[in-house]
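Spelled out from the first residue to the last, the chains are:
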Amino acid sequence: MDQFVGLDVSQEMTHVCVIGSDGKLVWQGKCLSTPEDIAGNIRSKAPDVLRIGLESGPLSTWHWHALKAMGLPVLCLDSRHAQATMSGQVNKTDKNDAYGLAQIVKAGW
């Protein structure tokens, strides 16, 4: 089954959400905000990843280039557009943002 990953990146920790092509939650968790730790989590929790979404921000250029170099299908989403899409969330948390980003890349945006 294809899998889609959302990354909510902060300075120290990144919230990771993996959903399946059916839209159901596969795994949620946190890891260090280094490309190596993020890639390790994705490879172990989402071996069939089709797309990975992260919002533009201070660390996004570093993460995008590093994850691409590691062969991962990462997309950088404009943070204003992503936030507008997820503005209807009842509980705004990093965990829920990662879930919302996974849903966005699953939709093909």
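Refer to the preceding data block for the structure.
The model shown is predicted, which means the values in this text are computed figures rather than measured ones.

Peer 1: Lay out the layout of surface pockets in plain terms, naming residues and giving numbers.
Peer 2: Each pocket or cavity is described by its volume, and for the largest pocket that value is around 150 Å³. Val9, Glu55, Gly57, Pro58 and Leu59 are the residues nearest the centre of the largest pocket, which is lined by 13 residues in total. Mapped onto the lining of the largest pocket, the elements with two or more residues apiece are β1 (3-9) and β4 (49-55). Among the elements that take part in the lining of the largest pocket, β1 stands out by supplying three residues, more than any other. In the lining of the largest pocket, the residues fall into six nonpolar, five polar and two charged.

Peer 1: Lay out the sheet that holds strand β3 (residues 25-32) with the relevant residues and their values.
Peer 2: Sheet strands line up and pair through hydrogen bonds in the backbone, either parallel or antiparallel. Here we have five strands laid out as an open sheet, ordered β3-β2-β1-β4-β5, and mixed in their pairing. The sheet terminates laterally at β3 and β5 (74-77), the two strands that pair on one side only. The average angle at which neighbouring strand axes cross in this sheet is 20°, direction not considered. Sheet topology note: the strand β2 (residues 13-20)/β3 ladder contains seven bridges and is antiparallel. Residue pairing in the sheet places Ile19 in a bridge with Leu25 of β3. With respect to the sheet, helix α1 (residues 35-45) is in contact with β1, β2, β3 and β4, its orientation differing from that of β3 by roughly 160°.

Peer 1: Which residues make up helix α2 (residues 60-69), and what values do they have?
Peer 2: Within α2, the full set of buried residues consists of Ser60, His63, Ala66 and Leu67. Projected down its long axis, α2 shows its buried positions confined to an angular sector of 140°, all on one face. Facing away from the buried surface of α2 by more than 90 degrees, the exposed residues are Thr61 and Ala69. After α2 finishes, the residue Gly71 shows a positive phi value of roughly 85°.

Peer 1: Please set out the environment of Gly20 residue by residue, giving values where relevant.
Peer 2: Secondary-structure assignment places Gly20 in strand β2. Measuring from C-alpha to C-alpha, the distance between Gly20 and Val5 comes to 9.0 Å, with 15 residues separating the pair along the chain. Ignoring any residue separated from it by four or fewer positions in sequence, one finds Gly20 in contact with Met1, Asp2, Gln3, Phe4, Val26 and Lys106.

Peer 1: Summarise α1; cite the residues concerned and give the values.
Peer 2: Buried residues of α1: Pro35, Ile38, Ala39, Asn41 and Ile42, and no others. Projected down its long axis, α1 shows its buried positions confined to an angular sector of 160°, all on one face. Projecting away from the buried face of α1 at angles above 90 degrees are the exposed residues Glu36 and Ser44. Its buried side turned inward, α1 meets β1, β2, β3, β4 and α2.

Analysis parameters
- Residues numbered from 1 in each chain as written.
- Predicted model: local features only at pLDDT ≥ 70, side-chain atom pairs only at ≥ 80, totals over all residues.
- Heavy atoms only, no water.
- 1 Å grid on protein atoms, 1.4 Å probe; cavity = no way out; pocket = protein on both sides within 12 Å on 5 of 7 lines; lining within 4 Å.
- Points joined across faces, edges and corners; volume = space filled by probe spheres on them.
- Helix = DSSP H or I, 4+ residues; strand = E, 2+ residues; numbered from the N terminus.
- Nonpolar A, V, L, I, M, F, W, Y, C, P; charged D, E, K, R; others polar.
- Pairing = 2+ DSSP bridges.
- Axes fitted to C-alpha atoms, helices over the stretch in contact; angles between N-to-C directions.
- Contact = heavy atoms within 4.5 Å.
- Buried < 20%, exposed > 50% of the residue type's maximum accessible area, 1.4 Å probe, protein only.
- Arc of directions from axis to C-beta.

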